[in-house]
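What follows is the residue order along each chain.
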Amino acid sequence: MQADIKKWVMACGPGFLDNKIRLRTATDLTGPWSESVTVYECPETIPGTPEYSKNNFCYFGRELIRHYDKTTRTMYLTYDT
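Draft legend 1. Expanded view of the overall build of the protein. A tally of regular secondary structure across the protein gives zero helices and five strands. Mapped from its N terminus to its C terminus, the protein presents α and β elements in the order β-β-β-β-β. Projected onto its principal axes, the C-alpha coordinates of the protein cover approximately 40 × 25 × 15 Å. Considering the protein as a whole, with its 81 residues, one finds that 22% of them fall into the buried category.

Quick look at the structure:
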């Protein structure tokens, strides 16, 4: 629960053959959950970026809750490549 906004926040993605990390929110843990909103695209899978490789795929996007900044509402995300 993000106490400052009084909502649960779920980071999800990237999915299979996808490079987008999305967020969903809910006032109750059991839902209903909002539609997902894309907040980040993994550069390791975007042709033309320095990090790109055709062999890369990204998965397991998640929030680093202990680094959440309530003042600026900055959320740190991580994922595996």
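That covers the picture; the talk isn't over yet.
Draft legend 2. Seen up close, the environment of Arg-66. Here Arg-66 is to be found in the loop between β4 (59-63) and β5 (77-80). Put simply, Arg-66 and Tyr-76 are ten residues apart on the chain and 9.1 Å apart in space, counted from C-alpha to C-alpha.

Draft legend 3. Focus on the side chain of Gln-2. Checked against the element boundaries, Gln-2 lands in the segment before β1 (8-12). Residue classification places Gln-2 among the buried positions, given a relative accessible area of 5%. In terms of polar contacts, Gln-2 uses its side chain to reach the side chain of Glu-63, at 2.9 Å. With residues up to four places along the chain from it excluded, the contact list for Gln-2 reads Lys-7, Val-9, Glu-63, Ile-65, Tyr-68 and Met-75.

Draft legend 4. Local environment of the pattern of salt bridges. The tally for this structure, following the rule as stated, stands at four salt bridges. Across the pair Asp-18 and Arg-22 runs a salt bridge whose closest N-O atoms are separated by 2.7 Å. Judged by its relative accessible area of 23%, Arg-22 falls in the partly exposed class. Between Glu-41 and Lys-20 there is a salt bridge, with its nearest N and O atoms 3.9 Å apart.

Reading guide: rules and limits
Residues numbered from 1 in each chain as written. Predicted model: local features only at pLDDT ≥ 70, side-chain atom pairs only at ≥ 80, totals over all residues. Heavy atoms only, no water. Helix = DSSP H or I, 4+ residues; strand = E, 2+ residues; numbered from the N terminus. Buried < 20%, exposed > 50% of the residue type's maximum accessible area, 1.4 Å probe, protein only. Polar contact = N/O pair within 3.5 Å; in protein donor to acceptor, adjacent residues only side chain to side chain. Contact = heavy atoms within 4.5 Å. Salt bridge = Lys/Arg side-chain N within 4 Å of Asp/Glu carboxyl O.

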